[in-house]
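Summary of structural features
Okay, here's what each chain looks like letter by letter:
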Amino acid sequence: MKKSILLLSAILIAGLSYSQDRSNTIYVRKNANTPEAQADLEAMNVAFKKMRDMGCENGLAWYYQGAMHNIPDNINGINALCPKYQTSADKLWAWSDCTHNGTQNANLNFLLWHRMYTWYLEKIIRELSGKKDFALPYWNYGSIKVTDNIMAAQTTNKTGSLYEAARYSILNDGKPIQTDQVQQIQLALNELKTNPSFVGNAGFSKQLEIAPHGYMHDLIGGEYADPKETYYNQIYQENMSGLMANVDSAGFDPVFWLHHSMVDRIWESWDVSTYGQRPTLADLQAYPWPYQFIAPDGKQVTYTMEEVYNVVFNLDYKYDNLLYESNPQALASNDPVILASNESSAKSKISFQDSQEKIIWEQKIGKPIEEKAFVQKVTSKFAKDTNKSFKSGVNSNIVLNLDVVVYKEPRDYYTVYLRYPGKEDQYVGMMTFFGVAHDHGTGENHTIGENGVKLNFSYYVSDDLLDSDGNFEIIIQKKGIGDAKVTLEKMSMAKIN
């Protein structure tokens, strides 16, 4: 009886603590490059000044909050920013909790964990800045508006608390993302729009993590700079790529939060659209993740998966506008259509697991992808079998699988297309490699073991295939100036469910 009373008390206390995280106020997250967002950016600047002045052991400190995402296992030399931390043995509570370790648990929780992480930072800024209606602005990269593709002025002001020197120089100089890079972001955003599932390697969550999420991390961190750029990374305390290009230092760059607010906006846009799907609570409970955060009063907060589910799908904030029109036919151009409000009703459809796939055809390749575009011809029986599976059901979900091996984290990215004779190439996705070295083991200079790391990239191609038995081609184009070898080991087409 006594145990039952104690358990009930614990549940009531946990429930009370959880309820205190919620309020009836709906905050509005705004485009960082609009006049309406400037007061929020200034509040962020004020808060980060205070956070940078705090000792690294303070849960509200800039260093502590950045380390919650991740932190290097070893600091090069005496840690000038946090003397209390030198190696992974010194990690404090909730440090290195981000979902970047390549497991199914991490993949499923990627968007949910980062939503909770930014939500708590938003609360902390609200408290430290004194701006009670503060909402985290987002960087609207990929827009047709040139001004939207420039980092917010407050993040490039060298005298402000939101500045970081170790970034792609073009961006820190106040210039927009280059035109060809903007086009890549737009292609990724448009492809995400019609994804039919939240979960799985080809699902919305994983595809968003690859691009534009991973693409933008590497872009901001200077990985795609031509000519090559290196910086003094103050978290590692050595010359290398910028903070954002490395999982272990990304959370320390203030632009990380504007980037992840945009990632969250992309998710919210899709979630309330015609295509939006959700994982089940049972999925999350089967593949849990630690959800531990610091409240504005400095207290440590831990969530159950059920509490997480209730927060992420019952938001106390909205966006000034969303990316995707609910009409599936509305997106005709390369730039996402803007939806006026995100007050759409929540989706009730549940995402299907795509672990049960039936291989249509499979082809061993064993070739590195070079500067010249890689072309795989799909002919005869393979082409006919693809079309037969494509026509076999109303909702035939066809997936293209690319199995590759890498030997160090590439500085390049790769675009993937389908090509039919006489037709415009159909973009199906991108391969980016942000976090590969972190996820799969890192040695000196981000080298990986002799056997390399095997990776799978999967893409839904049902909306790119033509109803034809004719031959077609799969095109993979290398982009960038990196020298890391990416070997395409195998390619296959599969039908899901």
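About the thresholds
Residues numbered from 1 in each chain as written. Predicted model: local features only at pLDDT ≥ 70, side-chain atom pairs only at ≥ 80, totals over all residues. Heavy atoms only, no water. Helix = DSSP H or I, 4+ residues; strand = E, 2+ residues; numbered from the N terminus. Buried < 20%, exposed > 50% of the residue type's maximum accessible area, 1.4 Å probe, protein only. Contact = heavy atoms within 4.5 Å. Areas by Shrake-Rupley, 256 points an atom, 1.4 Å probe, with all protein chains shown as cover. Pairing = 2+ DSSP bridges. Axes fitted to C-alpha atoms, helices over the stretch in contact; angles between N-to-C directions. Disulfide = S-S within 2.5 Å. Salt bridge = Lys/Arg side-chain N within 4 Å of Asp/Glu carboxyl O. Expected span 1.5 Å × (residues − 1). Bend = angle between axes of the 7 residues up to and from the residue. Phe/Tyr/Trp six-rings, centres within 6.5 Å; stacked < 30°, edge-to-face > 60°. Lys NZ or Arg CZ within 6 Å of the ring centre and 35° of its normal.

In terms of helices and strands, the chain carries 14 helices and 14 strands. Looking at the 497 residues of the chain, the share that counts as buried comes to 57%. Within the chain, residue pairs in contact and separated by at least 24 positions form 76% of the contacts whose partners lie at least 6 positions apart. For the chain, the computed accessible surface area is about 20,700 Å², with 50% contributed by carbon and sulfur atoms.

Turning our attention to the sheet that holds strand 7 (residues 357-368). Taking strand neighbours across the sheet as the criterion, the four strands line up as 7-14-9-12 in an open arrangement whose pairing is antiparallel. The open sheet has two edge strands with one neighbour each: strand 7 and strand 12 (453-460). Going across the sheet, the axis of each strand differs from the next one's by a mean of 15°, ignoring polarity. The sheet contact formed by strand 9 (residues 397-406) and strand 14 (residues 486-496) spans ten bridges and is antiparallel. Following the sheet pairing, Val-404 is matched in strand 14 by Leu-488. Running over the sheet, helix 13 (residues 380-390) touches strand 7, strand 9 and strand 14 and is turned about 145° from strand 7.

This next bit is on the state of the cysteines. Enumeration according to the criterion identifies one disulfide in this entry. For Cys-56, the disulfide goes to Cys-82, at an S-S distance of 2.0 Å. Handedness here is read from the sign of the S-S torsion; for Cys-56 and Cys-82, about 65°, the answer is right-handed. Of the two residues, Cys-56 sits in the loop between helix 2 (38-53) and helix 3 (62-69) while Cys-82 sits in the loop between helix 3 and helix 4 (104-129), which places them 26 residues apart along the sequence.

Between side chains of opposite charge, a pair can form as their charged atoms come close. On inspection of all chains with the given rule, the structure shows 25 salt bridges. Across the salt bridge formed by Arg-29 and Glu-122, the nearest N and O atoms sit 2.9 Å from each other. Of this pair, Arg-29 sits in strand 1 (residues 27-29) while Glu-122 is found in helix 4, placing the two residues 93 residues apart along the sequence. Classification of Arg-29 as buried rests on a relative accessible area of 0%. Here Lys-381 makes a salt bridge to Asp-385, at a shortest N to O gap of 2.6 Å. Taken together, the residues Lys-381 and Asp-385, both in helix 13 and four residues apart, mark about one turn of the helix. Note on Lys-381: relative accessible area 55%, which makes it exposed. Look at the salt bridges and you will find they share partners, linking Arg-29, Arg-115, Glu-122, Arg-126, Asp-264 and Glu-268 into a network.

Between the first and last C-alpha of helix 4 there are 38 Å, a value that for 26 residues agrees with the 38 Å anticipated at 1.5 Å per step. Bending of helix 4 peaks at approximately 55° at the position of Phe-110. Within helix 4, 22 of the 26 residues are buried, which leaves it mostly tucked inside the rest of the structure. Taken from the residues just after helix 4, Gly-130 is the one with a positive phi, measuring 80°.

If you check which residues of helix 13 are buried, you get Ala-383, Asp-385, Thr-386, Asn-387, Ser-389 and Phe-390. The inward-facing, buried residues of helix 13 abut strand 7, strand 8 (374-378), strand 9, strand 13 (472-479) and strand 14.

With six of its eight residues buried, strand 12 lies for the most part within the structure. Judged from the eight bridges that link them, strand 9 and strand 12 form a sheet pairing that is antiparallel. Residue pairing in the sheet places Asp-403 in a bridge with Asn-456 of strand 12.

Let's shift gears to unusual backbone geometry. With an omega of 10°, the peptide bond running from Ala-211 to Pro-212 counts as cis. Mapping Pro-212 onto the fold places it in helix 8 (residues 204-220). That bond from Asp-226 to Pro-227 is cis: its omega, 10°, falls within 30 degrees of zero. Along the chain, the position of Pro-227 falls in the loop between helix 8 and strand 2 (231-233). The phi torsion at Ala-94 lies on the positive side, around 70°, for a residue other than glycine. Counting through the fold element by element, Ala-94 comes out in the loop between helix 3 and helix 4. One non-glycine residue, Gln-237, adopts positive backbone phi at about 65°. According to the relative accessible area criterion, Gln-237 is buried, its value standing at 10%.

Tallied over the entire structure, the rule returns 32 aromatic pairs. Centroid distance Tyr-138 to Tyr-319: 5.8 Å. Interplanar angle 70°. Geometry classified as edge-to-face. One end of the pair, Tyr-138, is in the loop between helix 4 and helix 5 (153-156); the other, Tyr-319, is in strand 6 (residues 317-319), with 181 residues separating them in the sequence. When sorted by exposure, Tyr-138 lands in the same class as Tyr-319, which is buried. Within the aromatic cluster, the residues linked to one another by ring pairs are Trp-113, Tyr-117, Trp-119, Tyr-120, Phe-256, Trp-257, Tyr-291, Phe-293 and Tyr-303. Cation over ring: Arg-115 sits above Trp-267, and NZ or CZ is 3.8 Å from the ring centre. One residue, Arg-126, lies across the ring of Tyr-27, its end atom 3.5 Å from the ring centre.

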